[in-house]
Every structure is written in C-alpha cells, then in structure tokens.
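Chain by chain, the residues:
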Amino acid sequence: MVKSHSCEDAIIGAVWAIGMAIGIPFIAHTPGHSVQLISFLLGSILTTGPERFWMMAIGLSIVAVVLIVL
C-alpha cells in the first residue's frame, strides 16, 4: 500500500508560510534594514526583463481564459 505524503507537504507549506510571516516584520523593524533584503526574499518585478514580463502576461492570460471558461 502506498502512503500519501500530502499531509507532510501541507505541514511543510504551512511552516514555510508562518516562518515568512514572522520573519518579514522582524526585518522591517531591524534598524538600518534595506529594501533590497525584502526584494531578495519576495522578488521584484523590476528585475525581470521584457521577455519574462511578456511570458508571465501570456501565462496569466491563458490561466484567466481557462478559469472563465470553466
């Protein structure tokens, strides 16, 4: 019998989300914190090139169309 790992996966995702939720306010309240650290953790739309932006826009459009149809 194959054991499902979905419960463990959900716990890992929850722990990661809680860790990020706790860590970001600590970074924000650290004296001399840098905005670059937040953008390093969460990413920045300004660091993507035009080709990546268009790829994301096309992917978003496809997902939106599929959701509307369904």
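Rules and cut-offs
Residues numbered from 1 in each chain as written. Predicted model: local features only at pLDDT ≥ 70, side-chain atom pairs only at ≥ 80, totals over all residues. Heavy atoms only, no water. UniProt positions renumbered as here; feature names shortened; annotations may be inferred. Helix = DSSP H or I, 4+ residues; strand = E, 2+ residues; numbered from the N terminus. Phe/Tyr/Trp six-rings, centres within 6.5 Å; stacked < 30°, edge-to-face > 60°. Buried < 20%, exposed > 50% of the residue type's maximum accessible area, 1.4 Å probe, protein only. Patch = residues over 30% accessible without salt bridge, like charges linked within 9 Å, V, L, I, M, F, W, Y side chains within 5 Å. Areas by Shrake-Rupley, 256 points an atom, 1.4 Å probe, with all protein chains shown as cover. Salt bridge = Lys/Arg side-chain N within 4 Å of Asp/Glu carboxyl O.

(A) Quick look at the UniProt feature "transmembrane region" (unreviewed entry) in the chain. The positions that UniProt labels "transmembrane region" (unreviewed entry) are, in the present scheme, residues 12-32 and 52-69. Regarding residues 52-69, the helix share stands at 100% and the strand share at 0%, and the terminal C-alpha atoms are separated by 26 Å.

(B) Geometry of the packing of aromatic side chains. Taken as a whole and judged by the stated rule, the model has 1 aromatic pair. With 5.5 Å between their ring centres and 70 degrees between their planes, Phe53 and Trp54 make a pair best called edge-to-face. Classification of Trp54 as exposed rests on a relative accessible area of 56%.

(C) Geometry of a nonpolar patch on the surface. Taken together, the side chains of Ile58, Ile62, Val65, Val66, Val69 and Leu70 present a nonpolar region at the surface, about 640 Å² in accessible area. Position of Leu70 among the secondary structure elements: in the segment after helix H3 (50-69).

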